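So you can see what is in the structure, the chains are spelled out below.
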Amino acid sequence: MKLAFLGTSEFAVPALQALVDAGHDVAAAYTRAPKPAGRGQKEQKTPVHRLADRLGLAVRTPRTLRTDEAAAEFKALDLDAGVVVSYGHILPKSFLEAPLLGCLNIHGSLLPRWRGAAPIQRALLAGDAETGVTIIRMDEGLDTGPMLLAESVPIRADTTAGSLHDGLAVLGARLIVSALDGLVAGTLQAVAQPADGVTYAHKLQREEGALDWRRPAAELERQVRAFDPWPGTYFDAPAPGGGMERIKLLGAALALAGGAPGTVSVARDGVPTVACGVGGMRLLRLQRPGKAPVDGAAFARGFPLAGTVLPPPAGGDAPAVRPTG
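Residues numbered from 1 in each chain as written. Predicted model: local features only at pLDDT ≥ 70, side-chain atom pairs only at ≥ 80, totals over all residues. Heavy atoms only, no water.

A.B. asks: What am I meant to see in the nonpolar core here?
C.D. replies: Side chains of a nonpolar character, in soluble globular proteins, are inclined to be buried together. One finds Phe5, Leu16, Leu19, Ile106, Ile135 and Ile176 to be the most contacted residues of the largest nonpolar core, which totals 47 residues. The greatest single-element share of this core, amounting to 12 residues, is contributed by helix α6 (residues 161-185). Those residues within four positions of Ile106 in sequence are excluded, and the remaining contacts are Phe11, Ala15, Val83, Val84, Val85, Val133, Thr134, Ile135, Gly172 and Ile176. Membership of the second largest hydrophobic core comes to 21 residues, among which are Trp213, Ala237, Cys276 and Leu283. (Core = buried A, V, L, I, M, F, W, Y, C linked by side-chain atoms within 4.5 Å. Buried < 20%, exposed > 50% of the residue type's maximum accessible area, 1.4 Å probe, protein only. Helix = DSSP H or I, 4+ residues; strand = E, 2+ residues; numbered from the N terminus. Contact = heavy atoms within 4.5 Å.)

A.B. asks: Can you help me understand the layout of surface pockets in this one?
C.D. replies: Empty pockets left among the atoms are what a rolling probe the size of a water molecule brings to light. By volume, the largest pocket amounts to about 1,600 Å³. Around the largest pocket sit 50 residues that line it, and Ser9, Ser86, Tyr87, Gly88 and Ala117 are the ones nearest its centre. Looking at the lining of the largest pocket, the elements that each hand over two or more residues are β3 (35-37), β6 (81-85), β7 (103-107), α5 (119-126) and α6. Considered class by class, the residues forming the lining of the largest pocket number 24 nonpolar, 17 polar and 9 charged. Estimated volume of the second largest pocket: approximately 260 Å³. (1 Å grid on protein atoms, 1.4 Å probe; cavity = no way out; pocket = protein on both sides within 12 Å on 5 of 7 lines; lining within 4 Å. Points joined across faces, edges and corners; volume = space filled by probe spheres on them. Nonpolar A, V, L, I, M, F, W, Y, C, P; charged D, E, K, R; others polar.)

A.B. asks: Honestly, the pattern of salt bridges in this entry has me stumped. Any pointers?
C.D. replies: Two side chains bearing opposite charge may form a pair once their charged atoms approach each other closely. In the structure shown here, the tally under the stated rule is 12 salt bridges. In this structure, the salt-bridge partner of Arg122 is Glu208, at a minimum N-O distance of 2.8 Å. Of the two residues, Arg122 is situated in helix α5 and Glu208 in the loop between β11 (200-201) and α7 (217-226); the sequence distance between them amounts to 86 residues. Glu208 matches Arg122 in its accessibility class, with the two residues each being buried. (Salt bridge = Lys/Arg side-chain N within 4 Å of Asp/Glu carboxyl O.)

A.B. asks: Where do I start with helix α3 (residues 68-75) in this structure?
C.D. replies: Residue pairs three or four apart in sequence face the same way in an α-helix, which turns once every 3.6 residues. Those residues of α3 lying buried are Ala70, Ala71 and Phe74. An end-on view of α3 places all buried positions within 100° of arc, on one side of the element. Opposite the buried face of α3, at more than 90 degrees from it, the exposed residues are Asp68 and Glu69. (Arc of directions from axis to C-beta.)

A.B. asks: Looking at this model, I keep getting lost on the side chain of Glu245. Mind explaining?
C.D. replies: Inspection of the secondary structure assignment puts Glu245 in strand β13 (residues 244-255). Residue Glu245 is classed as buried on the basis of its relative accessible area of 17%. Side-chain polar atoms of Glu245 contact the side chain of Arg288, separated by 2.6 Å. For Glu245, the contacting residues outside a window of four places in its chain are Phe235, Asp236, Ala237, Ala239, Arg288, Pro289 and Phe303. (Polar contact = N/O pair within 3.5 Å; in protein donor to acceptor, adjacent residues only side chain to side chain.)

A.B. asks: So what exactly am I meant to see when it comes to the side chain of His107 here?
C.D. replies: Looking at the element boundaries, His107 is found in strand β7. On the basis of relative accessible area, His107 is assigned to the buried category, the value being 6%. Discounting residues that sit within four places of it in the chain, His107 has contacts with Trp114, Arg115, Gly116, Pro119, Gly132, Val133, Thr134 and Asp143.

A.B. asks: Hey, could you run me through α5 in this one?
C.D. replies: A large share of α5 lies buried, amounting to 7 of its 8 residues. Where α5 is concerned, the buried positions are Pro119, Ile120, Gln121, Arg122, Ala123, Leu124 and Leu125. Contacts made by the buried residues of α5 are with β7, β8 (115-116), β9 (130-137), α6, β11 and α7. Looking one or two residues past α5, Gly127 carries a phi angle of roughly 75°, positive in sign.

Now the structure itself:
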């Protein structure tokens, strides 16, 4: 099939590679324009842009799709289908209707649950037992189009957003190839999404990483995994030399603990444990500003926490307590 691929992030990379490997003709790869990044503020291409260059594909980086010129250029490609995954631009009607079979989207959830920008993290925050990938034919709504294929994966006790992201990216790549095969063979029919069970995965904000010890420990432990690797979770603690330090929490586990929320004790193995609104949480891996990450016992030796009562986030509850929006 003659396709256009519209994607930007690492999540989209396996799908582009799979489409090329399957023999499809990718007439153009659309992605976000290069942006200054790093200390030198050199312009860096997106992950999709870099892969497209290696594959010898034509790359387009329009700042907006909402011009007559952009619509005409897309229509002139004379496509069988568009494949959209983690692109970052909303496709106008002129783009959605240009390909013969429309535009297909790879979405990282079991729709209609977790429509929106951050389905992987919101599924983890909510404590979902499973998630997956859905291939939809796009319409003008937010992830509301009819479904072509879906496949679920379990969310385990040690699943992080990073590990789930990578697994779903590979799954999505396999499913989009299968969906195109089914459309060509005439064996695949789009089915409307159920009206019940709709939730929205709002875009992540850095401030959501604040840990509020008044929350149940089970929710905080999910928060640590849901925000790994970004935006990460953190708390403020009294520094040995005075003042407060913002500490990153990189790994945690549930534990029994007593005392007011935020009260820190140290277990026999040297690992600090914080009392939460319900239960407690062991701080397994932490990082001070400007320092390398260390395990909990090593951290406690250099940063005494026993008997400390850690404060809640400034300004009240952390936004992360509302995963469904």
